[in-house]
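Chain by chain, the residues run as shown.
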Amino acid sequence: GKLVDAVNSFMLIGKEIIGKPLGAMPWLRYLPPFRKKFDSITKEMNSIKAFIRENIERRKSMEVEQDSKCFMDMFLDNCSKDETGMFTVDQLMVACMDIFMAGSETTSKSQECLIALMLHYPDIQAKVHAELDMVANGRKIVDLNDKVNLPLTEAVMNESWRLWPVAPFGPPRVAHKEVRIGKYTVPAMTGIFY
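Being a predicted model, the structure only gives us computed values, none of them experimental.

A. Fine view of the side chain of aspartate 146. Checked against the element boundaries, aspartate 146 lands in the loop between helix 6 (122-136) and helix 7 (151-163). Engagement of the side chain of aspartate 146 in a polar contact is seen with the side chain of arginine 139, the distance being 3.1 Å. With residues near it in sequence (within four places) discarded, aspartate 146 still touches Val135 and Arg139.

Here's what the structure looks like:
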């Protein structure tokens, strides 16, 4: 229930902000009709934060093995040892929000674009299907260990991301040294947005 609601909230946020006017011009939140949309998104974000905080508190109250593979447990273990103030529950909240946000929207959009690509190119779909069947060798699923044996599947996924990037723009970069691109010179330490 709560996890599904949180995922749906993230989908709504992604749909209403990423690549939309409110995402590009946050000052619009002060103007109608964007104010109502912003208030709705803020309410959803608060419910997601409450869900994550509830899970952090639950993990804190559990007796956890030292070699836990759970991100929250490892982070909380570092919180108890940290003397720098970098590992805090608030920082864990931010990290969980980042992981949730990055994973939810981009994964669903990637799948949508890949399915559209496969529908458009049934010959490629058949080749990818055959590669997956061969590597799975009777198993129902493949895993990350199989990646090295799935070059066509990986190439098709990369092509899908090239044709239809899941984000409207990439993260900012910095030119660490002067670079010449065609007739343009990009000075060192210049921020680059693409």
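B. Looking closely at the environment of threonine 185. For threonine 185, the position within the fold is in strand 3 (residues 184-186). The exposure class assigned to threonine 185 is partly exposed, which follows from its relative accessible area of 38%. Discounting chain neighbours no more than four positions away, the residues touching threonine 185 are Glu178, Val179 and Arg180. Looking at threonine 185, its side chain comes within polar contact range of the side chain of arginine 180, at 2.8 Å.

C. Layout of the nonpolar core. Within the largest apolar cluster, 17 residues are counted, with the highest numbers of intra-cluster contacts made by Ile52, Ile56, Met72 and Leu92. If you list the elements that add at least two residues to this core, you get helix 3 (34-61), helix 4 (71-81) and helix 5 (89-120). The element that contributes the greatest number of residues to this core is helix 3, accounting for six residues. Those residues in contact with leucine 92 that lie beyond four places of it in its chain are Ile56, Phe71, Met72, Phe75 and Leu76.

D. Unusual backbone geometry, seen in detail. In this structure, the amide linkage connecting proline 32 to the following residue, proline 33, adopts the cis form with an omega of 0°. Examined against the element boundaries, proline 33 turns out to sit in the loop between helix 2 (21-24) and helix 3. Despite not being glycine, methionine 189 has its phi angle at roughly 65°, a positive value. Turning to its location among the elements, methionine 189 is positioned in the loop between strand 3 and strand 4 (190-192). Residue methionine 189 is classed as exposed on the basis of its relative accessible area of 59%.

Rules used throughout
- Residues numbered from 1 in each chain as written.
- Predicted model: local features only at pLDDT ≥ 70, side-chain atom pairs only at ≥ 80, totals over all residues.
- Heavy atoms only, no water.
- Helix = DSSP H or I, 4+ residues; strand = E, 2+ residues; numbered from the N terminus.
- Polar contact = N/O pair within 3.5 Å; in protein donor to acceptor, adjacent residues only side chain to side chain.
- Contact = heavy atoms within 4.5 Å.
- Buried < 20%, exposed > 50% of the residue type's maximum accessible area, 1.4 Å probe, protein only.
- Core = buried A, V, L, I, M, F, W, Y, C linked by side-chain atoms within 4.5 Å.

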